[in-house]
Amino acid sequence: MIPVVMPTYARVDVAFERGEGAWLWTTDGRRYLDFGAGVAVTNLGHCHPKLVAALQDQAAKLWHTSNLYRVPGQEKVAAKLVANTFADTVFFCNSGAEANECAIKMARKYHYDSGDKNRTEIICATGAFHGRTLATIAAGGQEKHLKGFDPQMPGFVHVPYGNLNALRDAISEKTAAILVEPVQGEGGIVPGDPDYLKRLRAAADEFGLLLIFDEVQTGMGRTGALFAHQGMGVAPDIMPVAKGLGGGFPVGACLATEKAAKGMVAGAHGSTFGGNPLAMAVAETVLDVMLEPGFMDAVKAKAAKLRQGLDAIAARHGAVIEQVRGLGLMIGLKARIPNTELQARLLANGLLTVGAGDNVVRLLPPLIIGDAEIAEALAIIDRTCQEVTP
Ligand SMILES: *Cc1c(COP(=O)(O)O)cnc(C)c1O
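Owing to the predicted nature of the structure, the values given are computational and were not obtained by experimental measurement.

Conventions adopted
- Residues numbered from 1 in each chain as written.
- Predicted model: local features only at pLDDT ≥ 70, side-chain atom pairs only at ≥ 80, totals over all residues.
- Heavy atoms only, no water.
- Pairing = 2+ DSSP bridges.
- Helix = DSSP H or I, 4+ residues; strand = E, 2+ residues; numbered from the N terminus.
- Contact = heavy atoms within 4.5 Å.
- Axes fitted to C-alpha atoms, helices over the stretch in contact; angles between N-to-C directions.
- Polar contact = N/O pair within 3.5 Å; in protein donor to acceptor, adjacent residues only side chain to side chain.
- Disulfide = S-S within 2.5 Å.
- Expected span 1.5 Å × (residues − 1).
- Buried < 20%, exposed > 50% of the residue type's maximum accessible area, 1.4 Å probe, protein only.
- Arc of directions from axis to C-beta.
- Near = heavy atom within 4 Å.
- Areas by Shrake-Rupley, 256 points an atom, 1.4 Å probe, with all protein chains shown as cover.
- Phe/Tyr/Trp six-rings, centres within 6.5 Å; stacked < 30°, edge-to-face > 60°.
- Domains from an automatic or database assignment.
- Buried area = accessible area lost by both parts, 1.4 Å probe.
- Salt bridge = Lys/Arg side-chain N within 4 Å of Asp/Glu carboxyl O.

What follows concerns the sheet that holds strand β3 (residues 31-34). With mixed pairing, the 4 strands of this open sheet are ordered in space as β1-β2-β3-β15. This sheet does not close on itself; its edge strands, each paired only once, are β1 (16-20) and β15 (351-352). For β1 and strand β2 (residues 23-26), the ladder comprises 4 bridges, and the chain directions are antiparallel. Note that in β2 the partner of Gly19 across the bridge is Leu24. Lying over the sheet, helix α12 (residues 371-388) contacts β2, β3 and β15, oriented at roughly 100 degrees with respect to β3.

Tracing the backbone through its elements, the reader meets Lys302 in helix α10 (residues 295-316). Within the structure, the side chain of Lys302 is placed 3.5 Å from the backbone oxygen of Ile369, a separation counted as a polar contact. Residues within four places of Lys302 in sequence aside, it is in contact with Leu329, Ile369, Gly370, Asp371 and Ile374.

Attention now moves to the state of the cysteines. For the structure on display, the rule yields 0 disulfides. Of all cysteine sulfurs in the structure, the one in Cys102 sits closest to Cys254, which takes part in no disulfide; the separation is 3.9 Å.

With that settled, consider helix α8 (residues 194-207). Taking 1.5 Å of rise per residue, the 14 residues of α8 would be expected to cover 20 Å, and the 20 Å separating its terminal C-alpha atoms lies within 8% of that figure. Of the positions making up α8, those classed as buried are Tyr196, Leu197, Leu200, Arg201, Ala203 and Ala204. Viewed along the axis of α8, the buried residues span an arc of 165 degrees, placing them on a single side of the element. In this fold, the buried residues of α8 make contact with α7 (164-170), β7 (175-180) and β10 (210-213). Sitting at the amino-terminal end of α8 is Asp193, which places a side-chain oxygen 2.9 Å from the backbone nitrogen of Asp195. Backbone geometry just downstream of α8 places Gly208 in the positive-phi region, at approximately 70 degrees.

What surrounds the ligand is the set Ser95, Gly96, Ala97, Asn100, Phe129, His130, Gly131, Glu181, Asp214, Val216, Gln217 and Lys243. Here Ala97 contributes a backbone N or O atom positioned 2.7 Å from an oxygen atom of the ligand. In isolation the ligand offers 380 Å² of accessible surface; the protein chains occlude 82% of this area.

This part covers the side chain of Ser66. Residue position: Ser66 is located in the loop between α2 (49-59) and α3 (72-83). At 3.0 Å, the side chain of Ser66 and the backbone nitrogen of Leu68 are in polar contact. Discounting chain neighbours no more than four positions away, the residues touching Ser66 are Val71 and Thr272.

Let us look at the sheet that holds strand β13 (residues 321-327). Judged by pairing direction, the sheet is antiparallel, and its 4 strands sit side by side in the order β13-β14-β17-β16 without closing on themselves. If you trace the sheet from one side to the other, it starts and ends with β13 and β16 (354-356), each paired once. In this sheet, neighbouring strand axes are inclined to one another by 30 degrees on average, regardless of whether the strands run parallel or antiparallel. Relative to strand β17 (residues 360-363), strand β14 (residues 330-335) runs antiparallel, the two being bridged by 4 bridges. Looking across to β17, one finds that Leu333 is bridged to Val361. On top of the sheet, α10 reaches β13, β14 and β17; it is set at about 165 degrees to β13, its chief contact.

Glycine aside, negative phi is the norm for most residues, and most peptide bonds take the trans geometry. Along the chain, Asp150 connects to Pro151 via a cis peptide bond; the corresponding omega equals 0 degrees. Located in the positive-phi region is Val39, a residue other than glycine, with phi close to 60 degrees. Tracing the sequence through the fold places Val39 in helix α1 (residues 37-40). Exposure remark for Val39: the relative accessible area of 28% places this residue in the partly exposed category.

Below, the discussion takes up the pairing of β13. Pairing geometry for β13 and β14, over 6 bridges, is antiparallel. Looking at the pairing, Val324 lines up with Leu333 of β14. Hairpin connection, β13 to β14: the antiparallel pair is bridged by 2 residues, and Gly328 has positive phi, about 60 degrees.

Enumeration over the complete set of coordinates arrives at 2 aromatic pairs. Their ring planes at 85 degrees and their centres at 5.8 Å tell us that Phe16 and Tyr32 sit as a pair that is edge-to-face. Of the two residues, Phe16 sits in strand β1 while Tyr32 sits in strand β3, which places them 16 residues apart along the sequence. Overall, the relative accessible area of 34% leaves Phe16 in the partly exposed class.

Okay, the domain arrangement of the chain next. The assigned domain composition of the chain is domain 1 (50-290) and domain 2 (294-388). Each of domain 1 and domain 2 has a C-alpha centre, and these two points are 28 Å apart. Taking both partners together, domain 1 and domain 2 bury about 1600 Å²; carbon and sulfur atoms supply 65% of that area. When the buried surface of domain 1 facing domain 2 is broken down by residue, Ile189, Arg222 and Gly224 rank first, second and third, together holding 41% of it. There are 1 salt bridge connecting domain 1 and domain 2. The interface formed by domain 1 and domain 2 contains 7 residue pairs in polar contact (both at pLDDT 80 or more). Breaking the side of domain 1 that touches domain 2 down by element, the ones donating at least two residues are β8 (183-184), β9 (190-191) and α9 (277-290).

Following this line, the structure appears as structure tokens:
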């Protein structure tokens with residue numbers, strides 16, 4: 001008999017009841033160190049006191065009014081995002097896939113309104129992930145996500161990630177935009193070379209295309225900058241954001257320059273829930289915490305410490321870990337044994353991780369991780385590698 005919760009996930013048989021900072025407790029009282037952060041979402045840890053207060057305060061005032069009216073929280077969050085990025089304007093939605101949908105629609109509308117009605121195609125990268133809606137599985141281009149859901153949405157072409165020549169060769173009179181992740185997440189933590197991303201910018205400018213950086217996973221401090229591209233010296237025209245933006249409260253956003261968003265007039269796009277007062281109260285507080293002086297420096301310091309420890313472990317356990325890669329606190333361990341097996345053993349030893357493509361185990365600790373917790377995680381990983389050494 002089908003479970004009452006539709007069985008679309010291969011869930012681990014553990015359920016959590018309570019969280020605090022980098023720790024989670026199960027319903028039967030076991031404690032886990034959370035190096036998954038709900039897939040790069042709880043970037044400020046579980047139950048951050050400022051986020052709890054912001055949500056509780058807003059919950060007692062007003063939950064939802066719809067976008068038929070002004071939402072002051074949206075104006076505040078958008079102003080903060082605009083003040084701290086390349087962007088001039090922000091659309092609010094509820095998830096990463098929706099933020100990408102907005103980006104795709106915006107890119108097509110830009111060319112339509114410019115009189116280039118045939119410019120509808122978006123060049124994406126192999127190994128990409130942009131969400132699970134019909135448009136975003138077509139953008140991701142992964143067979144495992146597309147199979148069985150034909151007809152596939154047209155308008156997306158794929159070139160190998162990191163290959164500039166292949167990308168330039170794919171540009172035609174039909175091309176509207178380039179869409180890539182600055183660091184591929186689900187694909188296996190594959191950092192884009194800053195020079196490659198800069199050359200994408202140059203190609204976009206040369207051919208009049210829009211450059212879209214999907215920062216749903218890389219954004220909100222994950223890589224040691226508020227957004228990953230800011231640490232790479234290159235800016236997009238459009239940027240979908242979600243995951244860490246609400247610290248666990250569902251919210252997404254699509255940021256854009258005034259030029260890229262010129263077609264996004266009244267009636268062009270919408271969302272019932274997008275940017276509702278609860279989501280905005282939390283997102284504003286997340287931004288306030290992350291924009292405090294010294295916050296990103298602390299993230300970079302923690303990342304360096306974790307990375308150093310992981311490199312040492314990889315050097316000791318070459319039979320288990322082939323490579324450590326990533327940026328900031330978005331780290332991948334490319335495993336030599338099945339990543340699912342390594343994850344299961346890490347879980348048994350009290351450490352939560354997330355799988356990814358290319359046989360990678362993702363380490364995505366909360367950005368507020370402490371030195372003692374980093375040391376504990378490293379000790380668990382070291383011990384686990386020892387246990388699984390063939
Ligand atoms: C998670 C993710 C998405 C999809 O986000 P949802 O909130 O699950 O729709 C899109 N792009 C990237 C890069 C992601 O990591």
